[in-house]
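Results of the structural survey
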Amino acid sequence: MIVFQLMAAPGLLAQKKNAGFELHIRRTSSPMVIDGVLNEAAWQSADKVGDFFMVLPMDLDCAHVRTAVRMTYDERYLYLAAECYNGLPGPDMVESLRRDFAFLKNDNFIFFMDTFEDQTNGFSFGTNAAGGQWDGMMYEGGKVDLSWDNKWTSVVRRLEDRWVLEMAIPFKTLRYKKDVTRWGINFSRNDLKTTEKSAWAPVPRQFPTASLAYTGALVWDAPPPPPGPNISVIPYVLGGGSRDYAAHRPVAYRKEIGGDVKVAVTSSLNLDLTVNPDFSQVDVDKQVTDLSRFELFYPEKRQFFLENGDHFTNFGYSSIRPFFSRRIGLGAPIEFGGRLSGKLDRNWRIGVMDMQTGSVDSIGQPQQNFSVVALQRKIFARSNIGFLFINKQSLHYQPGKDTTHPTYSLYNRNIGLEFNLASANNFWTGKALLIKSFSPGRRGDDYVHAGNLQYTDRHWLIGAQYEYTGGNFNAEVGYVPRQGYFKYNPTLSYLFFPRGGVVLSHGPQVVSNYYYNTSFHHTDDETSVTWLATFRNKSTLAGVMVHDYVELLAPFDPTNTGRAFLQKGSRHNWNSVGFDYVSKPQALFTYDASFRRGGYYADGTKLTFSGDVGYRIQPYVNMTLSFSYNRLSLPQPWGDQYFWLVGPRIDVTMTNTLFFTTYIQYNQQIHNMNLNTRLQWRYKPASDLFLVYTDNYFTTPFSVRSRALVVKFNYWWNL
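Residues numbered from 1 in each chain as written. Predicted model: local features only at pLDDT ≥ 70, side-chain atom pairs only at ≥ 80, totals over all residues. Heavy atoms only, no water.

1. A word on the overall build of the protein
Helices and strands together make up the secondary structure of the protein, namely 3 helices and 39 strands. Here the protein has a C-alpha radius of gyration of 26 Å; the compact-globule value for 719 residues is 27 Å, and the two agree. Along the first, second and third principal axes, the C-alpha atoms of the protein reach 75 × 60 × 55 Å. A buried classification covers 52% of the 719 residues belonging to the protein. In the protein, 73 positive and 65 negative side-chain charges are present, and the distance between their average locations comes to 1 Å. (Helix = DSSP H or I, 4+ residues; strand = E, 2+ residues; numbered from the N terminus. Rg over C-alpha atoms; globule rule 2.2 N^0.38 Å. Buried < 20%, exposed > 50% of the residue type's maximum accessible area, 1.4 Å probe, protein only. Lys, Arg positive; Asp, Glu negative; His and termini not counted. Charge placed at Lys NZ, Arg CZ, Asp CG, Glu CD.)

Rendered as structure tokens:
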């Protein structure tokens, strides 16, 4: 029934809103120099667009800050020039020169390309006013995965009345259909001094300027040139050493080689191969104080799994992910793997991945193979139907034969189907989902079905979602922290827009989550009521009231330290109040704070205070201190407990190709302190030298737990 309700939503078959906004692009035969000086003949003759529309603070007027954009191309590169004029006098506001900067904390120019005009997937490029680069792959019609990294060049030059951006993007970097002469495109400008965000093709303020439903058109004078043979080899060499002081082990030395190969099967379909991949340069996970009854989620950061990764990982919901790539290769080394992903044509998208991990003799874990197949078919204006199949297989293994180590499953399989709704104007979104698992000895009630529908306009956000997860549902390659439940999640919010004053908008939001077991017995719920105010200087303040009810499904330690456990079936009620505040992003000194005080399990109380404090020395240094304090007052045997989590981070960007990061995390709950430092030199586009040093310490008493040093060199070589 929910599928037919979703399909009946208005606006599904409407035409794209901004189809009449066109930028015509013509080929140049003269040489181009990327230096931020627009003196080439191609720029003098290129069409220019300006007259941007304001998106924030309000979307009812033309932009006050002037921006002008031109584009051209030759047989190898797509070129863009943007002139970003000053809105107010004074220095530009930037965090640093680091790559993939925070959009809201930087004066920047970013553009979004829908190369298939499917209003769902695309590419994003841009820079901040100091030259820090931004690039990402776009998915779900308006989200940008900034972990995607590829080859392109840009230069920013500062003039008295404006800053000028010039960039060149190789056609080999992009994916597009040959013989198509119309791409979706939009340009976005963020100017912090005037607190104005604008776009060339108008976008309603409730949506990001990245919304592909609202792009204009890039009209080519001829089909874009084919990228030609497109094979990239990215080898790496690595050396280093590590020592486990806690286990009193000697230094273990590392000497490794490996790499990736990228093959453009077509201009829109890519084959990625990897052998002995290494991810030692990836940022460490940001730790949290864990007071949850269920497994925490940590996002994937490894580059190989990120390109077109949304095709696999966005199937389902945040609490029902049948595929979660972090299950592959974190406990056992990846030996080799491959992925075929991209577009078959305008309507069909495919992803096939196969990865193999090695055995781990110390815990008896066998070699394992992970296979995933994803297929997606576009329907209506922006909606699609998706199919997913996942297979995890243990190789050369008989469960139960080895009695000295844990038993591993022989196989686990999931098969799923979903319908994703996205109306032409993006006001209506939704999903209907069905997944079934297959595991030895687990049959019956081994499926998931779920759905949601949401309406969003300038004032209203109205939505509802339900989930059913069977008690025997098993997704060993997924993230499904809870089984055997039914969940209902209504959401309602409204925004008022005063005509004047310091408050730009304000209004209430009510969000509830009700859980039942498979017999529809009520087990827990949470309802939060928030009043959010957004000020004209872009700072925000929210007051929050929360009610919680929990009937424990299993014994639980409310401190997660293993001290003692509350009984299964015990019931707990409490209320809490608090606030959230985020300061204006255009200041050199920024901060945010979140405070909660109220009840807790076993008639106890809980106080939580967390936040971030940042200061920047533009554009070279960005310093941030993240902190979290939890104080629990519980009956014995727990008594009063308090947990500090403190994480200072310093990013030093000497240039936009040389970065140094130091990150320290002190976690009182697990008695650990972690130090991670990383030096990255991008000596050529997409080619890097990394030096990574890591320390872990026990804090009670203070002593070294482990230590590691790695030097890694990789090179992007186009054949």
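2. Side note on empty space enclosed by the protein
A complete count under the given rule lists 4 cavities of 30 Å³ or more for this structure. Volume-wise, the second largest cavity comes out at about 180 Å³. In terms of lining, the second largest cavity is formed by 17 residues, of which the most central are Asn121, Phe123, Met137, Asn308 and Lys343. Partitioning the lining of the second largest cavity into residue classes produces 5 nonpolar, 7 polar and 5 charged. (1 Å grid on protein atoms, 1.4 Å probe; cavity = no way out; pocket = protein on both sides within 12 Å on 5 of 7 lines; lining within 4 Å. Points joined across faces, edges and corners; volume = space filled by probe spheres on them. Nonpolar A, V, L, I, M, F, W, Y, C, P; charged D, E, K, R; others polar.)

3. What about a nonpolar patch on the surface?
There is a patch of nonpolar side chains on the surface, built from Val237, Ile257, Met654, Phe660, Leu679, Trp681, Leu689, Leu691, Leu709, Val711 and Phe713 and spanning about 910 Å² of accessible area. Those elements giving two or more residues to the nonpolar patch turn out to be strand 36 (672–684), strand 37 (687–699) and strand 38 (702–714). In terms of residue count, the dominant contributor to the nonpolar patch is strand 38 (3 residues). Along the chain, Leu691 falls in strand 37. (Patch = residues over 30% accessible without salt bridge, like charges linked within 9 Å, V, L, I, M, F, W, Y side chains within 5 Å. Areas by Shrake-Rupley, 256 points an atom, 1.4 Å probe, with all protein chains shown as cover. Salt bridge = Lys/Arg side-chain N within 4 Å of Asp/Glu carboxyl O.)

4. Some thoughts on the layout of surface pockets
Approximately 1,400 Å³ is the volume found for the largest pocket. Considering the residues around the largest pocket, the lining is formed by 38 residues, among which Arg254, Asp278, Phe279, Ser280 and Leu330 are closest to the centre. Among the secondary structure elements, those contributing two or more residues to the lining of the largest pocket are strand 15 (231–244), strand 16 (252–266), strand 36, strand 37 and strand 38. A total of 5 residues in the lining of the largest pocket trace back to one element, the largest contributor, which is strand 38.

5. Details of the nonpolar core
By size, the foremost hydrophobic cluster in this structure holds 36 residues, and its most contacted members are Leu78, Leu80, Phe109, Phe111, Phe125 and Phe187. Contributing elements (two or more residues each) for this core: strand 1 (22–27), strand 4 (67–73), strand 5 (77–85), strand 6 (108–114), strand 7 (122–128), strand 11 (162–170), strand 12 (182–191) and strand 14 (216–220). In terms of nonpolar packing, the next biggest core, distinct from the first, is built from 26 residues, Met353, Phe370, Ile390 and Tyr485 among them. (Core = buried A, V, L, I, M, F, W, Y, C linked by side-chain atoms within 4.5 Å.)

6. Observations regarding the packing of aromatic side chains
Summed over the entire model, instances satisfying the criterion amount to 50 aromatic pairs. Counting every residue linked through ring pairs, the aromatic cluster contains Phe21, Phe53, Phe109, Phe111, Phe123, Phe125, Trp148, Trp152, Phe187 and Trp200. (Phe/Tyr/Trp six-rings, centres within 6.5 Å; stacked < 30°, edge-to-face > 60°.)

7. What about the pattern of salt bridges?
Close approach of charged atoms allows side chains with opposite charge to pair. Within this structure, the stated rule accounts for 41 salt bridges. The salt bridge involving Glu95 is made with Arg98; its shortest N-O contact spans 3.5 Å. By relative accessible area, Glu95 is classed as buried at 5%. The class for Arg98 is partly exposed, based on a relative accessible area of 24%. Asp283 is the salt-bridge partner of Arg678, the closest N and O atoms lying 3.4 Å from each other. Residue Arg678 is located in strand 36, and its partner Asp283 is located in the loop between strand 17 (269–275) and helix 3 (310–313); the two are separated by 395 residues in the primary sequence. Look at Arg678 and you get buried, because its relative accessible area is 17%. We classify Asp283 as partly exposed; its relative accessible area is 30%. Each of Arg99, Asp135, Asp149, Arg682 and Asp688 takes part in salt bridges that share partners, so that together they form one network.

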